[in-house]
There are 2 protein chains.
Amino acid sequence: MKEIFAGEAPPAPAALAAKVRTLAPSMTRSMQRVAETVAADPAGCAALTVTGLAERTGTSEATVVRTARLLGYPGYRDLRLALAGLAAHQQSGRAPAVTADIAVDDPIADVVAKLAYDEQQTLADTAAGLDTVQLGAAVSALSAAGRIDIYGVGASGLVAQDLHQKLLRIGLIAHAFSDPHLAVTNAVQLRSKDVAIAITHSGSTGDVIEPLRVAFERGATTVAITGRPDGPVSQYADHVLTTSTARESELRPAAMSSRTSQLLVVDCLFIGVAQRTYESAAPALAASYEALAHRHSPRGSQR
Amino acid sequence: MKEIFAGEAPPAPAALAAKVRTLAPSMTRSMQRVAETVAADPAGCAALTVTGLAERTGTSEATVVRTARLLGYPGYRDLRLALAGLAAHQQSGRAPAVTADIAVDDPIADVVAKLAYDEQQTLADTAAGLDTVQLGAAVSALSAAGRIDIYGVGASGLVAQDLHQKLLRIGLIAHAFSDPHLAVTNAVQLRSKDVAIAITHSGSTGDVIEPLRVAFERGATTVAITGRPDGPVSQYADHVLTTSTARESELRPAAMSSRTSQLLVVDCLFIGVAQRTYESAAPALAASYEALAHRHSPRGSQR
DNA sequence: CCAGTCGGCGAAAATATCTTTCAAAGGTGA
DNA sequence: TCACCTTTGAAAGATATTTTCGCCGACTGG
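What this report covers is the structure whose coordinates are included nearby. These numbers come from a predicted model, not from an experiment.

Some points on the protein's contact with DNA strand D
In the vicinity of DNA strand D lie 19 residues, with Thr49, Gly75 and Tyr76 of chain A together with Thr28 and Ser60 of chain B positioned nearest. The set of elements that each furnish at least two residues to the surface near DNA strand D consists of α4 (50-56), α5 (61-70) and α6 (76-93) of chain A together with α2 (29-40) and α5 (61-70) of chain B. A breakdown of the residues in the surface near DNA strand D according to their chemical character gives 6 nonpolar, 8 polar and 5 charged.

So, in structure tokens, the structure goes:
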């Protein structure tokens, strides 16, 4: 038989369209129809069985298999697999179009993609822009701290609470304040071995700068987590950790990306401290995990 | 409601590893073996027939098919197709090498890089695994809601508050509860046009399931944001939004990635609602921005 | 113009693969 | 320990793929 020739090529990865063109002249009419259909719509054809594709091209199963062979695959099954791969490839190829801003009439799927992309970008930017020396210094201070006060209002307040929860979990004495009065009142108590952390995206939120100033003046080690390292908050900060600022838009307020960025910084602080205090942190973490387990209803399909 | 779940997701494109992780806990031992094998080597498995894969995992064909079903495919054939697609995908996008776990003695710079990478991964997985139909339905319900109650305790409580803040900002009537008693007490008030949202990573946190159940029984539209869509919480949820689960480690508790994932979902909800209610949301957003501006100290290094 | 030959083609048989069923093994709680 | 439920794989049943086989039309030489 003449198809010895067909075995010449390996499975052939993605250059299917090219192969079809090259081989087309040596194909019979029916086979050409199959090959063209397949090249034109890999994704659609990947969903079809031999019979389905035969019908769609107005040919028979045998012809489809013959075509697959000619294209270099052992049989239709493998052609179909390759087709699926090709489809996935094309799919990803047209993804980068999500860099645009989120519009009012974007379909929900686009919103998800764009948001995820933006937040990923924010994370990358933050990681790249974070000063590891400052971070290390802050970690050292926290690890040795007698008491830790954290200030944050609005969206940053949630980040403050997040850090608070985490630090508690590894056995540190921490407090988070969203109430400026309470914050200042408590800041007065701080001493030199203590640490105060202010979280503010704008770098100029009076409500958190004020307690940080008090802490600073009391001799505590002060840390600022801010998107504006040149802002007023830095005046009273021994260590400044910079969060990144993504472009914002009407539908995507700054709070969203700043939060992502702040949380990454806070997580880094947490892990850093957990490393340094591993001896005491590990059992504390395990213990809090244990305690939680009992709050989950025992039943349910968990195994 | 929970059994329908298997068909919940469309073929699922690339987030297979994430899906495996999400669903692993609800799998039997044998199925886990199959799922892990498949996740670890998509390309290799794509070349195998049911029988082959069954042999390789030391299980039976039936188990392989069952696993494929659980992962959301109609049968093994389709899983295999998806695998081929995934393989092609991986082929092109060679992943970076920072995938290692965070160790106790990692320098701080590595911690930053790994954390950022992991969270990016979590975002990608979440976005890929999010059912846009369910999301759209949840958005519709929220947009038309008379009142919105949000339940979350622990780390998820912060996410609940985040959503709460955002919804308030666009003029919706929302409440976040971390106190289970208050939550239930208020859930009783809900009526059919209202919406209740439960946020729980484990899917089995009694403290948030209880109020959701009450809301469900009162006829409110209920939404669950959970990493375990097969967990008890889904019983009382009209719409289930699945968050992804990243591998965790001693130093990197699950709470960290689940939070990232939950926040993305919550952001998507928010943007979705903001789009639908644009007429009223835009001025409300602008107004809240205005109001905040006054809380920031006017310029530069004042004081 | 006709008979003979050849390649292309598809129907259907043969085979491989996938899916479902069912009963036994293993585990769990009373 | 026993009854009950879950998990699991063997084998039957259903589909899909591959192969076989012969028809059909086209071309060729008489």
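Examining the protein's contact with DNA strand C
The local shell around DNA strand C holds 19 residues, among which Thr28 and Ser60 of chain A together with Thr49, Gly75 and Tyr76 of chain B are the closest. Of the residues belonging to the surface near DNA strand C, the class tally is 6 nonpolar, 8 polar and 5 charged.

With respect to the sheet that holds strand β3 (residues 195-200) of chain B
Residue and element names in this part refer to chain B. Read from one edge to the other, the open sheet built from 5 strands follows the order β2-β1-β3-β4-β5, with strand pairing classed as parallel. Each edge of the open sheet is held by one strand with a lone partner, namely β2 (174-177) and β5 (239-242). Neighbouring strand axes in the sheet, compared pairwise and without regard to direction, differ in orientation by 15° on average. Relative to β5, strand β4 (residues 221-226) is paired through 4 bridges, and the arrangement is parallel. When the bridges of β5 are listed, Thr226 appears paired with Thr242. In the packing of helix α9 (residues 155-169) onto the sheet, contacts are made with β1 (148-151), β2 and β3, and the angle to β2 comes to roughly 170°.

Focus: the pairing of β4 of chain B
It is a general feature of regular strands that their side chains alternate between the two faces of the sheet. Residues and elements named next belong to chain B. Taken across its 6 residues, β4 has 6 buried, putting it largely inside the fold. The alternating pattern of β4 places Thr221, Val223 and Ile225 on one face and Thr222, Ala224 and Thr226 on the opposite face, and all of these are buried. Across 6 bridges, β3 lies against β4 in parallel orientation. Bridge pairing in β4 places Thr200 opposite Thr226.

Overview of the nonpolar core
Looking at soluble globular proteins, one finds that nonpolar side chains tend to be buried together. Among the nonpolar cores identified, the biggest contains 131 residues, and Leu212 of chain A together with Leu212 of chain B are the most heavily contacted of them. If one sorts the elements of this core by residue count, helix α12 (residues 254-276) of chain B sits on top with 12 residues. Filtering out sequence-adjacent residues up to four positions away, Leu212 of chain A remains in contact with Tyr151, Ala196, Ala198, Thr222, Ala224, Val233, Tyr236 and Ala237 of chain A. Counting residues in hydrophobic clusters, the runner-up holds 56 residues, among them Val64 and Leu83 of chain A together with Met31 and Ala68 of chain B.

Observations concerning the packing of helix α8 (residues 132-143) of chain A against helix α7 (residues 108-129) of chain B
Two elements in contact, α8 of chain A and α7 of chain B, have axes whose closest approach is 9 Å; the angle formed by their N-to-C orientations is 105°. Between α8 of chain A and α7 of chain B, the angle is such that the two are roughly perpendicular. Packed against α8 of chain A, whose contacting residues are Thr132, Leu135, Gly136 and Val139 of chain A, the element α7 of chain B presents Ile108, Ala109 and Val112 of chain B at the interface. Taken together, the residues that form the contact of α8 of chain A with α7 of chain B break down as 5 nonpolar, 2 polar and no charged.

Quick look at the interface of chain B and chain A
Listed by partner, the interface residues are 66 residues for chain B and 65 residues for chain A. Of all the secondary-structure elements, those providing two or more residues to the side of chain B that touches chain A are α6 (76-92), α7, α8 (132-144), α9, α11 (206-217), α12 and α13 (278-293) of chain B. Considering every element that reaches the side of chain B that touches chain A, the biggest residue donor is α7 of chain B, with 13 residues. In the side of chain B that touches chain A, the residues fall into 37 nonpolar, 21 polar and 8 charged.

Quick notes on the rules
Residues numbered from 1 in each chain as written. Chains lettered and ligands numbered in written order. Predicted model: local features only at pLDDT ≥ 70, side-chain atom pairs only at ≥ 80, totals over all residues. Near = placed C-beta within 6 Å. Helix = DSSP H or I, 4+ residues; strand = E, 2+ residues; numbered from the N terminus. Nonpolar A, V, L, I, M, F, W, Y, C, P; charged D, E, K, R; others polar. Pairing = 2+ DSSP bridges. Axes fitted to C-alpha atoms, helices over the stretch in contact; angles between N-to-C directions. Contact = placed C-beta atoms within 7 Å. Buried ≥ 20, exposed ≤ 12 C-beta atoms within 10 Å, placed from the backbone. Core = buried A, V, L, I, M, F, W, Y, C linked by C-beta atoms within 7 Å. Parallel < 35°, antiparallel > 145°, perpendicular 65-115°, else oblique.

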